[in-house]
Each structure stands twice: as C-alpha cells, then as structure tokens.
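# Structure assessment
Below, each chain spelled out in residue letters.
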Amino acid sequence: MVAQILFLIAFVIAIALFYKNAKKILRNIKLGKSIYRSDNKRQRWLMMFKVAFGQSKMTVKPIAALLHFFVYAGFIIINIEVLEIVIDGLLGTHRIFLFLGSFYNFLIGSFEFLALLVLVAVFAFLARRLVLKLKRFSGVEMTAWPKKDATNILVIEVILMFAFLTMNSSDLKLQQLGHYPLAGWFPVSQYLHFMLPTSAQALIFLERFCWWLHILGIFAFLNYLPFSKHLHIILAFPTTWYAKLQPMAELDNMASVNNEVKAMLNPSFIPPATADTTKFGAKDVHDLHQIQLLNAYTCTECGRCTEVCPANITGKLLSPRKIMMDTRDRLEEVGKNIDSKGVDFNDGKSLLGDYISPEEIWACTTCNACVQACPINIDPLSIIIDLRRYAVMEQSQAANSLNNMFANIENNGAPWKYSPADRLNWANNLPN
Amino acid sequence: MSNFDIKVPTMAEMMAKGESPEILFWVGCAGSYDERAQRVTQAFAKILTHVGIKYAVLGTEESCTGDPAKRAGNEFLFQMQAMVAIETLNSYQVKKIVTACPHCFNTIKNEYPQLGGNYEVIHHTQLIANLIADGKLKTENNETFKGKRITFHDPCYLGRGNNVYEAPRLALEALDADLVEMKRCKQNGLCCGAGGAQMFKEPEKGIKDINIERIDDVKESKAAIVAVGCPFCMTMMSDGVKQLENNANTTVLDIAEITAMANNL
C-alpha cells in the first residue's frame, strides 16, 4: 500500500511538472506570429507519416539510420512495458498483462531484444561523440551544455535499459526459485544471471530497486525533455506536419509589403484595415512565426544542416544549426523574462545582433542544402531570410555592394549597371 | 560556330503583326548582359529557331524578376519588380514561359502566381529534354562529345529548389559521351556560391571560396566538361576552373550550348 501511494505521488508529480513545462513551451511558441499552415491536410498527414514516423530522411546515412531506428523502436515499443509498470504501480499488482499468455512472452521477449539493440545503438552513439569525435558534433554552437545534454540523454538511456534488463533477470531468477509466478520469456536477461546475488531476499530487493529505478528514471527523463534537445521525440511530429509544402526555393511574398507596393503603384488603392502593421522582417523571436519557433524547440542539434552548408564548409561563421539553437535560446530567455519580470519587460536584447550576427546571415547562399539535410524538415533558411528582411528594410544595413545592386534594379531593371536599351544587344550579330 | 545571324522576334513586333508566340523566352539579366551568358542565350535562340518553335522575347521591355532583391531581404523592391513584370506579361497574354535562368524560373513559377502572374514556366533544359524525347532535336554531330567525360553541376534553384534533376541529364544522355556524377550531386549538390544575392557581393571571411570547394568535386570527377544550367553557376564554375592546374583541359558549358553544338547549330 505504501508503495502504491508513493508511486501515485511520483506519477502525479511527474505528469503535473511535465504539463507545466510543456504549457510554458507552448506559450513561448505562441509568442510568434500566427501563420496558416493547415491546408492540404492529407499531404501533411502523409508527410508526417513518412518523415517523422517513417524516418525517411534518415536513410541518407544508413548506419546512423539503423542505430537511430533501434532507439526509436525501443522507445515506442517499450512504452507498452511502461504502461504495465504504471498499472502495476498504481494497483500494486505484479505483471498485470500476464493474462495475455504466450503473447505476453512474445512481448517481453521483444522488449528484451529491443533493449539490447537500444544499448548497442546508444553505446555506438556515445562512441561517435566521445571517442571518434565526429566533426558534425562540434562547432562554435556546440558549447559545454549542448554536448553535456547529448551525453546526458545517452547515459539516461543506458541506465534505463540496464535497469529494465536487470529487473527482468532477477524476476526470472526469482521465478526459477519459486518466489515469483512463472511469466514471460527472457531471451536477453537470462544471460545476466551471473552478476546477480543468490539469496532470494537480495534478488527481491534488486528486482524492486530496478523496477523503481526504471520507472522513476522514465518520469525524470520525461521532465528532462523540456530542457533538452531530446524534445524532438515529441515535436518532430508537429514540425513535419506543419512543414512548408511548396518547392523549397519558393519564398513567401510578404503581405504587409504587398499592400504598400499596391498603394505605391496605384494611388487609389486603399490597404485593408486589418493589414499587419508590425515591422518588416524579424529582429527578435516574436517577429518570427510560430512554426519557426516550433522548429527551434524541435531541433535535436544533429548538425546535418551545418555539415552540408556551403558557407560553413568554406569556413564562414554561418551555421544553420546555430541559427536554430540561438532562436531557441533567445526564446527561452524571453520566456524566462516574462515569468520573472512580466510580459512588458524589455531586456533590450534581440535575436539579430545579440545572438545571430549580421555576418552569419549574409553568408547564406539560400541553397536549401540545410533544409534538404534536416531529417525532420526544419527550415533554418526562412529565419535567415526574415532576419535579412529586417536588416535591409528596417535598418538599411546591407553591404554597399548589395545597395548598389538594389539601386541598379530600381534604375535600370537589372542588378548590374547596364542600360535597359541594351537588353537585346545579344541578338544583334555578336561574334561568338 | 558562325556568327549569330538569327532574327529574334520580340513580343511587341509579334503583337503589331497580330500574332502571338507559343512560348515566351524570358532571357534574364545575366542572359542579356553578361558576355559569357549571352552566348548561352544565343545558343538557346538557335535551338528554338532550329526546331521551329514560335517564340518571342520581351527585349527592352524585360526587367529583373526581383529575385536577387528578394533573397537579399528587399521585399519592397522585389514586389515592385514583380508587379511591373506581371503587368507586362499579362498585357501580352503570356501563357507559357521558358527561361535559361533557374532564379528567374523559380521566381516566375513559384512567387508570381500569388501576385497575379499565372504562367506555365519551364526551364530551358526541360524544353531541350522534351525536344529530344519528341525527336525534334537529334544529335547530328556525334564527334564533338564522343567519349568526352561530362559532369552536370546542379543549380540549387532548379534541383533542390524545384526538384528538376532529370531534364538536364536527359539532354546530356542524348550525346555519345561519358557522363559522370560528382560526389555531391542532385539533392546533395553543392552550391556554386552565387545564390541568395552572393553574386552581387563579396563573400564573408572564410577559409576559401565556395566555387573553389566545388571545383575539388569537378577535379575528382576527372570531367573534361562541366555542364551547367544557370548563368550564375556558369560564372562561378568558370572562375573556379581557372584555378585548376590543367585548366585548359576543363571547359564549362551550358546545356543549351552543348545541345546546339551537338546539332551543328
């Protein structure tokens, strides 16, 4: 009974705390501008199914895809086990799904294989980060915390899987000793008996200890998510659902600009009263739209974007991953300010300038390699373009060469200084 | 090749004669003014004339689509350009547009419809691939490219940006050449370094220029000809090739030029 009450308390705290932090994240995302992306629902569901659920874009790197799939499948399927643990915990039962009979054996057996595969994958991931030191996992934005975050996630997963297997192993030994009812098939954990104590009392303690460690570990992990890059396990789904469906190279036409342009070209045009009167482009996170902010929370910092960025490859400051991480960091900061100092507090800082420098945004070739590389369709380019829009239309801070280009287009209708009258010269008997 | 001695019809002239073309050839600023790109424009005009497609250009009525302004953040200038261009195109009741510039292609195809410009837009490599498939373009001259090692550099705004990967390759497959892919190609193609208005500014500080990074891929492919489909890629790749040790052995040609040469045009 005491155990049940303790479990209930832990369960309620875990859920309540997660709910509180998830709500805060949702509030932060809603600080962004709203954007309509609920068209083509069929296509969006398909996209989510293919890219997030089916992990289709992971296959570009087949080994990483396979290892990641182990962890992903492990995460999803072992959740059935978690359901049993939660019910057992609340009701004080032991392995309540036992009535499933041979199917239960199959379930437990497959959980064990998955747990083993998860361990293999997680050790490979740790080796890539700590021993092989893959280039993709370093870079200016990969400071102490992002690196620690990555290691934390992997270590927590190791602990959870070991707890699960040790729990099963001691359970099996207790079954063999006649202390627990016969249940389950333990294809992996049966080989762990060598490291278990022999006395029944010690085994019961170990089994219970690992049971608690496993479930409390999961509760803790759940509450670690809101502070971690690991949030992608949830947000990858909405991010792919809301991803841009148009061709990658297509940029949105700003409606606010459209009204002004129409008014300029046609003096009798009266802009609609509902027109967006905010500034042009983005200076800070609240100038971005909600899906860009959702993207920032979803980014799991894998670095595939930065790895293929032509600017980054050739040593420029720009890193698309940093764009996403800076956006999240700034949004978190704004959120904390709201919590501690109120909605109207202005800390005088902004995403452009304090987090992302002009040098970074101007190095982008808009080639979309980063968007293509992202396994969950995050769009760093749209943020770069919005920051450029602010720099140009609100601050008039483009390089001189770009200002000359603008002037040429305005005056001659071409980005270079050529006369419009010469446009057809190529057709006039030019020697080859 | 001979001098360019084709009469290029303009929309205004056609209109005056009470005719309308099948397709408008949107030349683009680079194709109009850049000396190297002008040769691509001429090659493509020769192809259009050769196959007997009734086409026209806007000539002096054409203006920048606004792409570089938009990519550089100047949405005002972009929309001003776009609205004027759409007005011109609509006044001629243009239905179909072909262009040799992937940036113009993307802007007119994807960004003009919302502003009132709805046209069927194709890239010149798509038109060439169709003409080859329809048997209207044959490879008359097999000798020029026979056995030559050719690689295609995907323009970002055509490939990744608009999912056109096959058309330019189909155009090259019509030749009796040795086609090779660079290690970074198609969806993983590396940018030449010119997109996003980089063409019009100095690059930011770094360890090397992007076109030099790309030339390493060309070198590795051992291609004698780098085929391109974009005037900006043409500039960047041509500059990059000059850095190669045996640069005389590597030529950068547009798909239109290659097709024109293969057909003795």
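Residues numbered from 1 in each chain as written. Chains lettered and ligands numbered in written order. Predicted model: local features only at pLDDT ≥ 70, side-chain atom pairs only at ≥ 80, totals over all residues. Heavy atoms only, no water.

## A few points about the overall build of chain A
- The secondary structure content of chain A amounts to 17 helices and 0 strands.
- The principal-axis extents of the C-alpha atoms in chain A amount to approximately 95 × 55 × 40 Å.
- The proportion of buried residues among the 432 residues of chain A is 52%.
- In chain A, of all internal contacts separated by at least 6 residues, the share reaching a separation of at least 24 is 75%.
- When the accessible surface of chain A is summed, it comes to about 20200 Å², and 66% of that surface belongs to carbon and sulfur atoms.
- Averaged over its 41 positive side-chain charges, chain A has a centre that lies 3 Å from the centre of its 33 negative ones. (Helix = DSSP H or I, 4+ residues; strand = E, 2+ residues; numbered from the N terminus. Buried < 20%, exposed > 50% of the residue type's maximum accessible area, 1.4 Å probe, protein only. Contact = heavy atoms within 4.5 Å. Areas by Shrake-Rupley, 256 points an atom, 1.4 Å probe, with all protein chains shown as cover. Lys, Arg positive; Asp, Glu negative; His and termini not counted. Charge placed at Lys NZ, Arg CZ, Asp CG, Glu CD.)

## Structural notes on unusual backbone geometry
Residue and element names in this part refer to chain A.
- A positive phi angle, close to 50°, is found at arginine 95, a residue other than glycine.
- By the secondary structure assignment, arginine 95 is in the loop between α3 (62-91) and α4 (102-131).
- Non-glycine residue lysine 133 carries a positive phi angle of around 45°.
- For lysine 133, the position within the fold is in the loop between α4 and α5 (144-176).
- Exposure remark for lysine 133: the relative accessible area of 60% places this residue in the exposed category.

## Details of the domain arrangement of chain B
All names here are of chain B.
- What the domain assignment lists for chain B is domain 1 (11-129) and domain 2 (138-262).
- Distance from the C-alpha centre of domain 1 to the C-alpha centre of domain 2: 23 Å.
- Residue-level contacts link 27 residues of domain 1 with 27 residues of domain 2.
- Taking both sides of the interface into account, the surface hidden between domain 1 and domain 2 amounts to around 2100 Å²; carbon and sulfur atoms contribute 73%.
- Among the salt bridges present, the one from glutamate 257 reaches arginine 36, with a minimum N-O distance of 2.8 Å.
- Counting the contacts that link domain 1 with domain 2 gives 7 residue pairs in polar contact (both at pLDDT 80 or more).
- At the level of secondary structure, the elements contributing two or more residues to the side of domain 1 that touches domain 2 comprise α3 (35-51), α4 (67-71), α6 (102-111) and α7 (124-133).
- At 7 residues, the largest contribution of residues to the side of domain 1 that touches domain 2 is made by α3. (Domains from an automatic or database assignment. Buried area = accessible area lost by both parts, 1.4 Å probe. Salt bridge = Lys/Arg side-chain N within 4 Å of Asp/Glu carboxyl O. Polar contact = N/O pair within 3.5 Å; in protein donor to acceptor, adjacent residues only side chain to side chain.)

## So, the nonpolar core
- By size, the foremost hydrophobic cluster in this structure holds 152 residues, and its most contacted members are Trp426 of chain A together with Phe25, Trp26, Phe44, Tyr55, Ile97 and Tyr119 of chain B.
- Each residue touching tyrosine 119 of chain B, except ones within four places of it in the same chain, is listed here: Ile86, Leu89, Asn90, Val94, Lys95, Ile97, Ile108 and Tyr112 of chain B. (Core = buried A, V, L, I, M, F, W, Y, C linked by side-chain atoms within 4.5 Å.)

## What to know about a nonpolar patch on the surface
- A cluster of nonpolar side chains, namely Met1, Val2, Ile5, Leu6, Ile9, Ile13 and Leu17 of chain A, defines an oily patch on the protein surface of about 720 Å² accessible area.
- Looking at the element boundaries, methionine 1 of chain A is found in the segment before α1 (2-29). (Patch = residues over 30% accessible without salt bridge, like charges linked within 9 Å, V, L, I, M, F, W, Y side chains within 5 Å.)

## Notes on the environment of proline 238 of chain A
Residue and element names in this part refer to chain A.
- Structurally, proline 238 is set in helix α7 (residues 232-241).
- Relative accessible area serves as the criterion here: at 27%, proline 238 is assigned to the partly exposed category.
- The spatial distance from the C-alpha of proline 238 to the C-alpha of arginine 44 is 9.7 Å, given a sequence separation of 194 residues.

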